[in-house]
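A closer look at the structure
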Amino acid sequence: MTATFFCTDPESQGGIECETFYETDRDSWIVQLKKRGPKVRDQLVALADDETFGEMSGRTMDVFVRKYVRERYGIDLGIAPNRAAVR
């Protein structure tokens, strides 16, 4: 399998809070995330021994969705709104 960088949290601090999506040559995604521990893992349904999880911020998801829609469908959704201003 080959993983290719796709996008990261636009507000990341390098190695700190570096949520990142990678696209693979197997038509799948790898997501680099922070570990959240057994209390969170125990709440997930049917998490197999070879599966893991991570928490992804709304900022990173906004970037991912906008980039994905632009690259896959040719539609530019524009700049992501400031989430704090929307709330």
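Up top is the structure.
Just so we're clear, the structure is a prediction, and the values are computed from it rather than from any experiment.

Overview of the overall build of the protein chain
Helix and strand counts for the protein chain stand at three helices and three strands. Scanning the protein chain from its N terminus toward the C terminus, one meets helices and strands in the order β-β-β-α-α-α. The long-range fraction of contacts in the protein chain, counting pairs at least 24 apart against all pairs at least 6 apart in sequence, stands at 35%. For the protein chain, the exposed surface amounts to about 6800 Å²; the carbon and sulfur share of it is 51%.

What about unusual backbone geometry?
The backbone phi angle of Asp-27 is positive, close to 60°, even though this residue is not glycine. If you trace the backbone, Asp-27 turns up in the loop between β2 (20-24) and β3 (29-32). The exposure class of Asp-27 is exposed, given its relative accessible area of 72%. Residues other than glycine seldom take positive phi values, yet Ala-46 does so here, at roughly 60°. The residue Ala-46 is located in the loop between α1 (38-41) and α2 (58-73) in this model. Take Ala-46: its relative accessible area is 68%, and that puts it in the exposed class.

Some words on α2
Its 16 residues give α2 an end-to-end C-alpha distance of 22 Å, which sits within 8% of 22 Å, the value for a rise of 1.5 Å per residue. Buried residues of α2: Thr-60, Phe-64, Arg-66 and Val-69, and no others. Turning to α2, the residues buried within the fold contact β1 (3-8), β2 and β3. Once α2 ends, the next one or two residues include Gly-74, with phi positive near 70°.

Concerning the sheet that holds β2
Taken in spatial order, the three strands make up an open sheet running β1-β2-β3, and their pairing is antiparallel. Every other strand in the sheet has two partners, leaving β1 and β3 as the edge strands with one partner each. Here the strands of the sheet are splayed against their neighbours by 25° on average, with no regard to which way each runs. Packing against the sheet, α2 makes contact with β1, β2 and β3, and its axis sits at approximately 120° to β1.

Thoughts on the pattern of salt bridges
Per the stated rule, a full pass over the model turns up five salt bridges. Across the pair Glu-11 and Arg-59 runs a salt bridge whose closest N-O atoms are separated by 3.4 Å. Note that Glu-11 is positioned in the loop between β1 and β2 and Arg-59 in helix α2, a separation of 48 residues in sequence. Residue Arg-59 is classed as partly exposed on the basis of its relative accessible area of 27%.

What counts, and where the lines are drawn
Residues numbered from 1 in each chain as written. Predicted model: local features only at pLDDT ≥ 70, side-chain atom pairs only at ≥ 80, totals over all residues. Heavy atoms only, no water. Helix = DSSP H or I, 4+ residues; strand = E, 2+ residues; numbered from the N terminus. Contact = heavy atoms within 4.5 Å. Areas by Shrake-Rupley, 256 points an atom, 1.4 Å probe, with all protein chains shown as cover. Buried < 20%, exposed > 50% of the residue type's maximum accessible area, 1.4 Å probe, protein only. Expected span 1.5 Å × (residues − 1). Pairing = 2+ DSSP bridges. Axes fitted to C-alpha atoms, helices over the stretch in contact; angles between N-to-C directions. Salt bridge = Lys/Arg side-chain N within 4 Å of Asp/Glu carboxyl O.

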